[in-house]
Amino acid sequence: MEVIMTNRIVVTKTHIDGAPKETDFKVKSQVLAQSAQPAGSVIVKNLYVSVDPYQLNRMKSDSSSQSYSFLAAGIGPGEEIDCYGVGKVIDSGNPEFQEGDLVVGLLTWGEYSVLKPGSMFRKLDAMGFPLSNHIGALAFSGLTAYAGLFEVGKAKKGDRVFVSTASGSVGHLVGQFAKLHGCYVVGSAGSKAKVELLKEKLGFDDAFNYKDATDLRTTLKKYFPDGIDVYFDNVGGEMLEAAIDNMNAFGRVAVCGVISEYTGTGRRAAPNMVDVIYKRLTIRGFLANDFMSIFPEFISKACEHMGSGKMVSIEDISIGLDSIPSAFVDLFTGGNVGKKIVQIAQE
């Protein structure tokens, strides 16, 4: 018997060109039926969905990022918002997927998702880890951290590594990978509690609250008297400028994000280019999907470290579809710790 259901999804009311607000979003309903979908489609009940800062650039009326990757393409008002997530198959027109199968891939901010042929999704073997780990530490957040640190940052044992937004979804994993590799690691965060988390639970050598720093250049000099070899940048702006000032010769900057600039309210970074030249620095932006070829290597390492308890995944999980707008806004106000996830339904 065909499954027909009402699906509630979260959409934007209009383009968002500044800091997001909960009132920028609304919930709308749609009817789902397998017969109305392209042949071979799979209907999934969403269990966990990811909430990420980069999605704001997709919601803007215009952003240069929208033209570089299908994962960053613009999303118009009222359109489905795709995201990485974990779900369970409830109806399948694809013989490779059966009712009850767990899947991971590009779902939507909704109660259900329709996965069309050619979409990015696969069956999920949880490997004994919580399902939520598979959209964070064991997914793109983890791959971003691993590839950014080792492939872009070229981190090696003994390097001095600085991580901004170190308590975020990517940053808290970068620091742990670096420590396990034998690096000296300092992170910045936006509250006393987050600083304590970095030092006491995640094993960072040191950490500081950037909001208490009157001069970021001097602050970094204090924590890195011998200079910075690798800077994993999640912020941009003044933090990037201060890091460049404190980089060692042949230092590497892995530019993962510029959250200070996403809302259009922060000053854009203007690093000292004389330092870049004479220190022979490498500054490189990157996307996780540039490094899918090393996903097996990454997942092996991550599972080994997490399975042994040497690495932990910090997750900030909100409950229910209606919590998505507030969860998203939290990303830009410092309200989250670790990977922000919304649990849509019970496992």
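Cut-off values and rules
- Residues numbered from 1 in each chain as written.
- Predicted model: local features only at pLDDT ≥ 70, side-chain atom pairs only at ≥ 80, totals over all residues.
- Heavy atoms only, no water.
- Pairing = 2+ DSSP bridges.
- Helix = DSSP H or I, 4+ residues; strand = E, 2+ residues; numbered from the N terminus.
- Axes fitted to C-alpha atoms, helices over the stretch in contact; angles between N-to-C directions.
- Contact = heavy atoms within 4.5 Å.
- Domains from an automatic or database assignment.
- Buried area = accessible area lost by both parts, 1.4 Å probe.
- Buried < 20%, exposed > 50% of the residue type's maximum accessible area, 1.4 Å probe, protein only.
- Arc of directions from axis to C-beta.

Looking at an unreviewed UniProt entry, one finds the protein named Enoyl reductase (ER) domain-containing protein and attributed to Linum trigynum.

(A) Structural context of the sheet that holds strand S13 (residues 282-285). Spatially, six strands are ordered S10-S9-S8-S11-S12-S13 in an open sheet, and the strand pairing comes out parallel. A single partner strand is all that each edge strand has here, and the edge strands are strand S10 (206-209) and S13. Direction aside, neighbouring strands of the sheet carry axes that sit 15 degrees apart on average. Examined bridge by bridge, strand S8 (residues 160-163) and strand S9 (residues 184-189) share four bridges and lie parallel to one another. What sits directly across from Arg-160, in S9, is Tyr-184. Contacts from helix H4 (residues 192-200) reach S9 and S10, with the element oriented near 175 degrees to S10.

(B) Looking closely at the domain arrangement of the protein. For the protein, the domain assignment lists domain 1 (4-136 + 313-343) and domain 2 (140-289). On the domain 2 side, the residues contacting the 23 residues of domain 1 number 17 residues. In this assembly, domain 1 packs against domain 2 so that about 1,500 Å² is buried in total across both faces, 63% of it on carbon and sulfur atoms. Summed over the three residues of domain 1 that lose the most area to domain 2, namely Gly-136, Ile-314 and Val-337, the buried surface amounts to 28% of that side.

(C) How the structure looks around H4. Of all the positions in H4, only Lys-194, Val-195, Leu-197 and Leu-198 are classed as buried. For H4, the arc enclosing every buried residue in end-on projection is 160 degrees, short of the 170-degree limit, so these residues lie on one face. In H4, the exposed positions that point more than 90 degrees away from the buried face belong to Lys-192, Ala-193 and Glu-200. Looking at the buried side of H4, the elements it contacts are S9 and S10.

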